[in-house]
Amino acid sequence: MASLNVGPLGEYIREQRRNAQYSLRQLAEAAGVSNPYLSQIERGLRKPSAEILQQIAKALRISAETLYVQAGILEERRGEGLELRASILADPLINEQQKQALLAVYDAFLKENAAGRPSGGGPVTEADPAPEAAGGVGGSTDEHRGEAP
């Protein structure tokens, strides 16, 4: 059986729990999971789902995205769709396979759009017609942040 590499996630959750001054039992209750299950997560024996990570994050009052990155569900990026990815992963109305399919489609669109941009993958400018051609809206609210073109 392949080993799960969730040790760093469990250690991170344990550290956050201790920082919040929660006992294992208190966090388990606040997150709505069993005490033994949370213990197994902290020891790196179990890999929790995105929904369980979201419940733990809410109980610890930390960002669910942070736990998703720690769990390897999300890549640490500079804000590229983290909220969208987190929302998809946390949606209880679709199953894990459907979530992965949605994320794969989203990633494919990102690759397609990046391939059409000038080297560097910088912000889309008015000279780049790709967003309109794809049915999107031209420009971005974070286009001008004082960065050199």
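Quick caveat: nothing in here was measured; it's all calculated off a predicted structure.

A word on the overall build of the protein. Check the secondary structure of the protein and you find eight helices and zero strands. Along the protein, from the amino end to the carboxyl end, the secondary structure elements read α-α-α-α-α-α-α-α. When burial is assessed residue by residue, the protein has 29% of its 149 residues classed as buried. When contacts within the protein are restricted to residue pairs at least 6 apart in sequence, those whose partners lie at least 24 apart make up 43%.

Take the nonpolar core next. Membership of the largest hydrophobic core comes to 27 residues, with the highest contact counts inside it found for I13, L27, L38, L53, I56, L67 and Y68. Listed by contribution, the elements that provide at least two residues to this core are helix 1 (7-19), helix 2 (24-31), helix 3 (35-42), helix 4 (50-60), helix 5 (64-71) and helix 6 (82-90). When residues no more than four places from it in sequence are discounted, the contact partners of I13 are L27, L38, I41, E42, L53, I56, L60 and L67.

The buried count for helix 4 comes to eight of eleven residues, which makes it a mostly enclosed element. Taken together, the buried positions of helix 4 are A50, E51, I52, L53, I56, A57, A59 and L60. Packing partners of the buried residues in helix 4 comprise helix 1, helix 2, helix 3, helix 5, helix 6 and helix 7 (96-115). Immediately beyond the C-terminal end of helix 4, within one or two residues, lies R61, with a positive phi of roughly 60°.

For the rest of this paragraph, the subject is the pattern of salt bridges. Counted according to the given criterion, the structure contains four salt bridges. Among the salt bridges present, the one from E42 reaches R14, with a minimum N-O distance of 3.4 Å. Of this pair, E42 sits in helix 3 while R14 sits in helix 1, placing them 28 residues apart in sequence. Taking the relative accessible area as the measure of exposure, R14 reaches 22% and is therefore partly exposed. Taken together, the shared-partner salt bridges connect R14, R17 and E42 into one network.

Turning our attention to the side chain of Q16. Following the sequence through the fold, Q16 ends up in helix 1. Exposure remark for Q16: the relative accessible area of 16% places this residue in the buried category. Those residues in contact with Q16 that lie beyond four places of it in its chain are L60 and I62.

Cut-offs used in this document
Think of each chain on its own: its residues are numbered from 1, step by step along the sequence as written. Residue-level local features of this predicted model are given only where pLDDT is at least 70; pairs of side-chain atoms are given and counted only at 80 or more, and the full residue set underlies all totals for whole chains, interfaces and linings. Note that water and hydrogens are dropped before the side-chain values are worked out from all heavy atoms of the structure. Numbering of helices and strands starts at the N terminus; helices are DSSP runs of H or I of at least 4 residues and strands are runs of E of at least 2. Any residue under 20% of the maximum accessible area for its type is buried, any over 50% is exposed, and the rest in between are partly exposed; the area is computed with a 1.4 Å probe on protein chains only. In what follows, a contact means two residues having at least one pair of non-hydrogen atoms within 4.5 Å. What is meant by a nonpolar core is a set of buried Ala, Val, Leu, Ile, Met, Phe, Trp, Tyr and Cys residues, joined one to another through side-chain atoms within 4.5 Å. Just to be clear on terms, a salt bridge is a Lys or Arg side-chain nitrogen sitting within 4 Å of an Asp or Glu carboxyl oxygen.

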